Amino acid sequence: VENCYVINTSEVKQKVEDARLFFEEIKAQLENSESPDEYLSKRQDLFSQIEEIKSATSECRPVEYRAVWIEPTETNQKQVKKTVQELHDLGINTICLETLVQATVIYVPAEDSLFRQMPTLRGFDLLQAYIDECHALDMELHVWMPVFCVGSTSSKYVAFSLFNKKPEWRITASDGTNYGDSYALFLDPANEEACNYLLESYKYILEKYDIDGFQLDYIRYPHTGNCDWGYSGRAVEEFKEKYGVTPKFEPSASYWSDWCKFRADYVTDFVKKMRVLVDTYAPNVKLSADLYGHVNVAPTAVYQNGKEWIESNLLDIAFPMTYDETGAFADKASAYISLKSDALIVCGIGSYMTRQNASMSRDQVKKLRVLGAEGYSFFENTSYMSRNIGDTLLKGAFASPAVSPLAK
């Protein structure tokens, strides 16, 4: 009330009074020697009432992103319609649809494309189906595109991946290996031919499909660990030409910060080219990126300078992957939200995480609103539904539909 939240004040007051009276009742019964088992059962009922109060004190905002990431499994229009309708009914207004799945694509690629459609689709255009069903319900559909990670060693159709079709495009580690993050099939951000091919493939999507957003994921190098990444071809030669030293995996070297930034700049160059591509061929599409959870760690951990992209307005929306089941969630989110930019900050909530139940997700939504986020994106749709997160949010924060901030 003091913060002027738009909530059903009289209803909440009644819930609070009911809970208070119930508490006094079970307290008195316990003092009158009621068995502990009966008390514990009623105690749990009281906690349920308190959860109802927490949900009811969540303000329902009319304009915000309520997004969810989806790795699609549907193979026909009827199945797509069911998925989209269920998410719509659970408060979602934006679907981020993974478009490169199991090293194959879910749309019908150009005849000369190196990308192959997922065989189980048998020519069915899953991307178009999602676009149609989302737009029928006034929801946004954003292409969620893994960029430099084009599959994994466990991908069902790994033989069709660009990683295997164009081995000269693979990233190389300091120890000579190629599998980023121990399992991921990464292309080299410094490989100009690979980058140009990806951009041309994305142009095809932008021109052919009426999408609302294009989201860049894995727009980074693999994680550093026992080895480092980016030790092939162009990057090494250009760094040696500029700084007069052949870079090695030695973080204590005087040139190390330059070598980190040098590689991060290749990723930034790709984002700049993507910005031009979107503005030229699909100016109504929002460009976004999935960003490393720790904004200040990203430039040296995965050579991703998301802070620069946000502050220079290369992105329309930033989706920082701020997943966390601890108090660090707010710190991660705040670091992104505090950046000065026109870009909207839509923070990721890790609904898939082990301890991330519906109550925690609801509380993180409330926290993000206080911090000033323009919305939330849940990873991913199956956990959002199976853990009753949507059902919980419908009791307060998502009680009414919301319009996305950049709706057409």
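**Quick notes on the packing of aromatic side chains**
Okay, so step 1: This structure, assessed with the given rule, holds 31 aromatic pairs.
Okay, so step 2: Ring centres of phenylalanine 262 and tyrosine 266 lie 5.6 Å apart, and the angle between their planes is 90 degrees; this geometry places the pair in the edge-to-face category. Taken together, the residues span about one helical turn, with phenylalanine 262 and tyrosine 266 both in helix H8 (residues 256-281) at a distance of 4 residues.
Okay, so step 3: A residue is classified by how much of its surface remains accessible, and phenylalanine 262, at 13% relative accessible area, is buried.

**Quick look at the pairing of strand S2 (residues 94-98)**
The side chains of a regular strand alternate, residue by residue, between the two faces of the sheet.
Okay, so step 1: With 5 of 5 residues buried, S2 lies mostly within the body of the structure.
Okay, so step 2: Covered by surrounding structure in S2 are Thr94, Cys96 and Glu98 together with Ile95 and Leu97, the residues of both alternating faces.
Okay, so step 3: By the bridge criterion, 4 bridges tie strand S1 (residues 65-70) to S2 in an arrangement that is parallel. Pairing of valine 68 across the sheet is with isoleucine 95, part of S2.
Okay, so step 4: In this view, the connection linking S1 to its parallel neighbour S2 by way of helix H3 (residues 77-89) has right-handed handedness.
Okay, so step 5: When S2 meets strand S5 (residues 140-146), the two strands line up parallel, connected through 5 bridges.

**So, the packing of helix H11 (residues 328-337) against helix H12 (residues 358-371)**
Okay, so step 1: It is at 10 Å that the axes of H11 and H12 come closest, and there the two elements cross at 35 degrees. Every pair of crossing elements has a handedness; the one defined by H11 and H12 is right-handed. In this structure, H11 contributes Phe329, Ala330, Ala333, Ser334 and Ile337 to the contact, and H12 contributes Gln364, Lys367, Leu368 and Leu371.
Okay, so step 2: Here the residues of the contact of H11 with H12 are counted per class, giving 6 nonpolar, 2 polar and 1 charged.

**A short note on the sheet that holds S1**
Okay, so step 1: Reading around the barrel, the 8 strands line up as S1-S2-S5-S9-S10-S11-S12-S13 and close back on themselves, with parallel pairing between neighbours. Each neighbouring strand pair of the sheet contributes to a mean axis angle of 25 degrees, computed without reference to strand direction.

**Quick word on unusual backbone geometry**
Okay, so step 1: Here the amide bond leading from phenylalanine 379 into glutamate 380 is cis, since omega sits at 5 degrees, within 30 degrees of zero.
Okay, so step 2: The topology assignment puts glutamate 380 in the loop between strand S13 (375-378) and helix H13 (381-386).
Okay, so step 3: Unusually for a residue other than glycine, cysteine 4 sits at a positive phi of about 60 degrees.
Okay, so step 4: With respect to the helices and strands, cysteine 4 occurs in the segment before helix H1 (9-31).
Okay, so step 5: Among the residues examined, cysteine 4 registers a relative accessible area of 63% and is labelled exposed.

Reading the values: rules and limits
- Residues numbered from 1 in each chain as written.
- Predicted model: local features only at pLDDT ≥ 70, side-chain atom pairs only at ≥ 80, totals over all residues.
- Heavy atoms only, no water.
- Phe/Tyr/Trp six-rings, centres within 6.5 Å; stacked < 30°, edge-to-face > 60°.
- Helix = DSSP H or I, 4+ residues; strand = E, 2+ residues; numbered from the N terminus.
- Buried < 20%, exposed > 50% of the residue type's maximum accessible area, 1.4 Å probe, protein only.
- Pairing = 2+ DSSP bridges.
- Right-handed = clockwise from strand over helix to strand, strands pointing away.
- Axes fitted to C-alpha atoms, helices over the stretch in contact; angles between N-to-C directions.
- Left-handed = near helix turned anticlockwise from the far one by under 90°.
- Contact = heavy atoms within 4.5 Å.
- Nonpolar A, V, L, I, M, F, W, Y, C, P; charged D, E, K, R; others polar.

Taken by themselves, the reported measurements are silent on function.
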